[in-house]
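Observations on the three-dimensional arrangement
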Amino acid sequence: MINLGPFHVAALLSLASVIGGLVPVRRRRPTGAWLTHHAYWMARSYVGLLAAAAAETVSRVPASPFWRMVGLASGMVVLVGKLVIDRTVPATLGRYRRA
């Protein structure tokens, strides 16, 4: 039996987000929207990487509640990442559409 923990699941989600960003580029589909799909999937993948780094960093703090700190750090990074993505990706895509 395979013993998957929460970090294994997170790694699989990370892989899925990278694949989600690569498939539109390789297929150039959906026509006219593939760049948007690619940009959002890649941005979310990067936020996930940053959340994992934050979780790893706070997990090294001695005598801290492990899951609470990991959840808090990851959640904060994901929240800030979502706000940044929502603000910057449309503007970035707009520059490419005008070119």
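Throughout this document, residue positions are counted from 1 along each chain, in the order its sequence is written. Selection of residues for local features in this predicted model requires a pLDDT of at least 70, selection of side-chain atom pairs for listing and counting requires 80 or more, and totals for whole chains, interfaces and linings are taken over all residues. Excluded from the side-chain calculations are hydrogens and water; all other atoms, namely the structure's heavy atoms, are used.

1. Examining the pattern of salt bridges
For this analysis, a salt bridge means a side-chain nitrogen from Lys or Arg found within 4 Å of a carboxyl oxygen belonging to Asp or Glu. Under the definition given, this model contains 2 salt bridges. Here Asp-86 and Lys-82 are joined by a salt bridge, their closest N and O atoms 2.4 Å apart. In this pair, Asp-86 and Lys-82 both sit in helix H3 (residues 66-98), 4 residues apart, roughly one turn of the helix. Each helix corresponds to a stretch of at least 4 residues labelled H or I by DSSP, and each strand to a stretch of at least 2 residues labelled E; elements are numbered beginning at the N terminus.

2. Section: a nonpolar patch on the surface
A contiguous nonpolar surface patch, about 770 Å² in accessible area, is contributed by Ile-2, Leu-4, Val-9, Leu-12, Leu-13, Leu-15, Ile-19 and Val-23. Looking at where Ile-2 falls in the secondary structure, it is placed in the segment before helix H1 (6-27). Surface patches are drawn from residues lacking salt bridges whose relative accessible area is over 30%; two like charges belong together within 9 Å, two nonpolar side chains (Val, Leu, Ile, Met, Phe, Trp, Tyr) within 5 Å. Only the protein chains shown count as cover for residues, with accessible areas throughout obtained via the Shrake-Rupley method and a probe of 1.4 Å.

3. Brief notes about the environment of Val-18
On the secondary structure map, Val-18 appears in helix H1. With relative accessibility at 30%, the residue Val-18 sits in the partly exposed group. Distance in space between the C-alpha atoms of Val-18 and Val-80 is 20 Å, their sequence separation being 62 residues. Contact definition: two residues touch when any of their heavy atoms are within 4.5 Å. Those residues within four positions of Val-18 in sequence are excluded, and the remaining contacts are Met-42 and Ser-45. Accessibility here uses a 1.4 Å probe with only protein chains present; expressed as a share of the type maximum, an area under 20% marks a residue as buried, one over 50% as exposed, and anything in between as partly exposed.

4. Brief notes about the layout of surface pockets
Here the term cavity refers to a set of points on a 1 Å grid, laid over the protein atoms alone, in which a 1.4 Å probe fits but cannot get out; the term pocket refers to an open set having protein on both sides within 12 Å along at least five of seven lines, with lining residues being those that place an atom within 4 Å of a point. Grid points are joined across faces, edges and corners, and a volume is the space filled by probe spheres set on the points. If you add up the space inside the largest pocket, you get close to 660 Å³. Lining the largest pocket are 26 residues, and of these Ala-10, Gly-48, Leu-49, Ala-51 and Ala-52 lie nearest its centre. Of all the elements in the fold, those that place two or more residues in the lining of the largest pocket are H1, helix H2 (34-59) and H3. Counting residues per element, the lining of the largest pocket draws most heavily on H2, at 11 residues.

5. Topic: the packing of H1 against H2
The N-to-C vectors of H1 and H2 enclose an angle of 160°; their axes lie 8 Å apart at closest approach. When the interaxial angle is binned, H1 and H2 end up roughly antiparallel. Handedness of the H1/H2 crossing: left-handed. Listed contacts from H2 to Ser-14, Ala-16, Ser-17, Val-18, Gly-20, Gly-21, Leu-22, Pro-24 and Val-25 of H1 are Trp-34, His-37, His-38, Trp-41, Met-42 and Ser-45. Just so you know the grouping, Ala, Val, Leu, Ile, Met, Phe, Trp, Tyr, Cys and Pro go in nonpolar, Asp, Glu, Lys and Arg go in charged, and all remaining residues, Gly too, go in polar. Here the contact of H1 with H2 is composed, by residue class, of 8 nonpolar, 7 polar and no charged. Lines fitted to C-alpha atoms define the axes here, with helix axes fitted over just the stretch in contact, and angles between the N-to-C directions of these axes take values from 0 to 180 degrees. Reported orientations rely on four angle classes, namely roughly parallel under 35 degrees, roughly antiparallel over 145, roughly perpendicular from 65 to 115, and oblique for the rest. Helix crossings fall into two classes, left-handed where the near helix is turned counterclockwise from the far one by less than a right angle and right-handed where it is turned clockwise.

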